[in-house]
Amino acid sequence: MAFLSSTTTRLAINVAQSARVRRETYIGPWLPEPIDTDADPEVGAQRAEDLDLALLLVLEKLSPTERAAYVLREAFDYAYSAIAEILQLSLVNVRKIVSRARKHLSDGQRENVTTTEHRRLLNAFLSAAQSGDMASLEAVLTPDALSLSGGNRRIS
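As the structure is a prediction and not an experimental result, all values here were calculated from the model.

## Here we look at the side chain of His118
- Position of His118 among the secondary structure elements: in helix H6 (residues 115-131).
- Within polar-contact distance, the side chain of His118 engages the backbone oxygen of Asp52 at 2.9 Å.
- Beyond its immediate stretch of four places on either side in the chain, His118 contacts Asp52, Leu55, Leu56, Leu59 and Val113.

In structure tokens:
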């Protein structure tokens, strides 16, 4: 009887300790703490400039389809299935497009982008981030995005 009691106690302690460790170990991506930009306008201006440059880079380096898939996935954490539905592509294709977009962003090649196009995407992105207006962002990202199905038939 003592053996059974001792074994049960040790197993319970092991389970409790491992649960504690699991709760203390954060496995997700590290995100910086939100900063109140009202208290420090310089931080707000710096973040706005960083966002402006990041979206310009996305416009310069990615095709419309890659841009839509990448921004929806990386910035707004859309599921691949939701992106596939929006772009009318297969789930596998969307995963590959997002992967290619990541690679293209690390390449040195860039295309020229108009200021109007850049401002349009920036405003839609900010509206989606601040007010949740995802429909406007989707509309800005997807009008030029074409999906190709079997037989190279274009679907808008």
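## Some points on unusual backbone geometry
- Its identity is not glycine, yet Asp77 carries a phi of approximately 55°, on the positive side.
- By secondary structure assignment, the location of Asp77 is in the loop between helix H3 (64-75) and helix H4 (80-87).
- The phi angle at Gln88 is positive, at roughly 55°, despite the residue not being glycine.
- You can see Gln88 is positioned in the loop between H4 and helix H5 (91-106).

## Points about the pattern of salt bridges
- The full count for this structure, using the stated rule, is three salt bridges.
- Across the pair Arg119 and Asp52 runs a salt bridge whose closest N-O atoms are separated by 3.4 Å. With a gap of 67 residues between them, Arg119 in helix H6 and Asp52 in helix H2 (residues 41-61) connect regions that are remote in the sequence.
- Across the pair Glu117 and Arg67 runs a salt bridge whose closest N-O atoms are separated by 3.9 Å. Taken as a pair, Glu117 in helix H6 and Arg67 in helix H3 lie far apart in primary sequence, 50 residues in all.
- Residue Glu117 is classed as partly exposed on the basis of its relative accessible area, which comes to 28%.
- Relative accessible area serves as the criterion here: at 9%, Arg67 is assigned to the buried category.

Procedures and definitions
- In every chain, residue numbers begin from 1 and rise along the written sequence.
- Two thresholds apply to this predicted model, a pLDDT of at least 70 for residue-level local features and 80 or more for giving and counting side-chain atom pairs, whereas whole-chain, interface and lining totals are computed over all residues.
- The side-chain quantities take in all heavy atoms of the structure and omit both hydrogens and water.
- Strands are runs of DSSP state E lasting at least two residues, helices are runs of H or I lasting at least four, and both sets are numbered from the N terminus onward.
- Counting of polar contacts relies on pairs of N or O atoms within 3.5 Å, with two restrictions inside protein: one atom must be capable of donating a hydrogen and the other of accepting it, and residues adjacent in sequence are counted only when both atoms are side-chain atoms.
- Throughout, a contact is declared for two residues whenever any of their heavy atoms are within 4.5 Å.
- Each reported salt bridge corresponds to a side-chain nitrogen of Lys or Arg within 4 Å of a carboxyl oxygen of Asp or Glu.
- We call a residue buried when its accessible area falls under 20% of the maximum for its residue type, exposed when it is over 50%, and partly exposed in between, using a 1.4 Å probe and counting protein chains only.

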